[in-house]
Every structure is written in structure tokens, then in C-alpha cells.
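# Observations on the model geometry
Chain by chain, the residues:
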Amino acid sequence: MFIAATIAIVIAMVLALIRALLGPTIYDRILAVNLFGTKALLLIAVMGFLTNRPEFLDIALVYALINFIATIAVMKFFRFSHLGHPHQGDNLGDL
Amino acid sequence: MLLDTLSWVLILSGGIFGLISAVGVLRMPDIFTRIHAASIADTMALGLMFAGMMIQAGWTIVTVKLMLILLFVFFASPTTTHALAKAAIAGGIKPVLHEDRRKKKIKQRR
């Protein structure tokens, strides 16, 4: 059962990678990488149960945090060209 | 036995929903519909699979960790989706409308 779930997740990861490589705009690539991160989180959790070592869930938790921060940071970088304060005036705000 | 079967069903349907979301991200026409497909993975796939794993784990620390991850993703996923859609709009991307697609099809036929 966990093996079937692992296979489904790996296939979904490959499809997300294809979209990340094809993606016409930068936002498609960010979305595909975000989806890939979610699938990797699921894969880590399932692998923890598959090998009977649920300590992997700690790594999964850290991966969820990193995935969120990385997506927001990359989007902010492409919106404002740098990670500091927006230089086009305050009315734009963050993202 | 009953709980085991229930957790199987939950985990397998979670995997199917993950596949559906990946196919949607690959096949949908523009960024906004792709966001819609990708959010399935954050809600249905993650929720169903983690529910199945919680049943497998029973009342242990593992269930608490699973619930923590689920809670965080349920807060983080809408934030990411909203920020991505807003960034795409600000980046000058227009949603593909039904009329645009029909015009494109008619052009391809000629």
C-alpha cells in the first residue's frame, strides 16, 4: 500500500518536473517547483512509514517550512529584482 | 482490520489525487488554472494521505507531528497561492478566456 502511494507520488513528481522544464513563464516554473516540494514532503513522510522509521516526519516538517519560505522568497525576488525593501514606492507593498 | 482497510483507502485515494493534480498542472492552459490544479495536492492529497498515516500510527507522537505539518501546510498553501496569483497579475499575465481559445481554434482550422 505504501509502495503504491510511493509510485504514484514519484510519477506526479516527474510530471511536475516536466512542467517546470516546459513552463512558458517564470510563474509556471515557480508553481511547478512548489508542487514538487509538496510531493517531496509527501514522499519523505511515506518513506518514513515504508521503512518503519517515523522520525523522518521531522525532516518532512522542516521541508514544509523551507518550501514555503523558498517560494515566497523567489517570488519576491522576481517581483522586485532584489530581496530588500520595494524600491518602487510604498503603495505596492509586499507581493 | 477495519481501521487498516480505512487507512489503505485513504492513502491510495490520496495518491490518486496527487496524480490528478500533477496531470492538471501539466495539461491546463494558463497559470491561473494551473494554480487551481496545484492546490489539489496541498489539500486533498496531503490531507487524505496524512489522515491514513494518522490511523496507521495510532495515538502516538507521530500523529502529533503529522497534525503539525498538516496545520502548517493548511496555513502556508493559500498564502503561497494568493501571492503567486498576485505576482502573475502584476507581472502582466492575462487569464486565457474562453473566447480567446475559440478564436485560436478557428484560426488553426483556417
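Here the structure is shown first, and the text comes after it.
Nothing here was measured: the structure is a model prediction, and the numbers come from that model.

Where interface size is quoted, it is often the accessible area lost as the parts come together. Tallying the contact residues gives 35 residues for chain A and 41 residues for chain B. Of all elements in the fold, only helix H1 (2–22), helix H2 (26–50) and helix H3 (56–80) of chain A reach the threshold of two or more residues within the side of chain A that touches chain B. With 12 residues, H2 of chain A is the largest single contributor of residues to the side of chain A that touches chain B. Among the residues forming the side of chain A that touches chain B, the class breakdown is 27 nonpolar, 4 polar and 4 charged.

With that out of the way, let us pick up the packing of helix H1 (residues 2–27) of chain B against helix H2 (residues 31–57) of chain B. All names here are of chain B. Taken N-terminus to C-terminus, the directions of H1 and H2 make an angle of 165°; their axes are 8 Å apart at the nearest point. On the basis of their axis angle, the class for H1 and H2 is roughly antiparallel. Viewed along their axes, H1 and H2 form a crossing whose handedness is left-handed. Across the contact of H1 with H2, the residue classes tally to 17 nonpolar, 8 polar and 1 charged.

Of all hydrophobic cores here, the largest spans 46 residues; its most connected members are Ala 16, Leu 31 and Leu 42 of chain A together with Met 49 of chain B. Setting aside residues no more than four positions away along its own chain, Leu 31 of chain A makes contact with Val 25, Ile 31, Arg 34, Ile 35, Ala 38 and Leu 84 of chain B.

This part covers H1 of chain A. Residues and elements named next belong to chain A. Taking 1.5 Å of rise per residue, the 21 residues of H1 would be expected to cover 30 Å, and the 30 Å separating its terminal C-alpha atoms lies within 8% of that figure. Within H1 the residues assigned to the buried category are Ala 5, Ala 8, Ile 9, Ala 12, Met 13, Leu 15, Ala 16 and Arg 19. Along the axis of H1, the buried positions cluster into a sector of 165°, meaning they face one direction only. Exposed positions of H1 whose direction lies more than 90 degrees from the buried face are Ile 3, Ile 7, Val 10, Leu 21 and Leu 22.

Its identity is not glycine, yet Asn 52 of chain A carries a phi of approximately 60°, on the positive side. Structurally, the position occupied by Asn 52 of chain A is in the loop between H2 and H3.

Glancing now at the environment of Ile 93 of chain B. Within the secondary structure, Ile 93 of chain B sits in the loop between helix H3 (61–90) and helix H4 (98–109). Judged by local crowding, Ile 93 of chain B falls into the partly exposed class, with 18 C-beta atoms found within 10 Å. With residues up to four places along the chain from it excluded, the contact list for Ile 93 of chain B reads Thr 25 and Tyr 27 of chain A together with Ile 31 and Ala 88 of chain B.

Glancing now at H2 of chain B. All names here are of chain B. Under the 1.5 Å per step criterion, the end-to-end length of H2 is 38 Å for 27 residues, consistent within 8% with the ideal 39 Å. If you look at H2, its biggest bend is around 25°, right at Leu 46. At the exit of H2 stands Gly 58, carrying a positive phi of roughly 75°.

Conventions we followed
Residues numbered from 1 in each chain as written. Chains lettered and ligands numbered in written order. Predicted model: local features only at pLDDT ≥ 70, side-chain atom pairs only at ≥ 80, totals over all residues. Contact = placed C-beta atoms within 7 Å. Helix = DSSP H or I, 4+ residues; strand = E, 2+ residues; numbered from the N terminus. Nonpolar A, V, L, I, M, F, W, Y, C, P; charged D, E, K, R; others polar. Axes fitted to C-alpha atoms, helices over the stretch in contact; angles between N-to-C directions. Parallel < 35°, antiparallel > 145°, perpendicular 65-115°, else oblique. Left-handed = near helix turned anticlockwise from the far one by under 90°. Core = buried A, V, L, I, M, F, W, Y, C linked by C-beta atoms within 7 Å. Buried ≥ 20, exposed ≤ 12 C-beta atoms within 10 Å, placed from the backbone. Expected span 1.5 Å × (residues − 1). Arc of directions from axis to C-beta. Bend = angle between axes of the 7 residues up to and from the residue.

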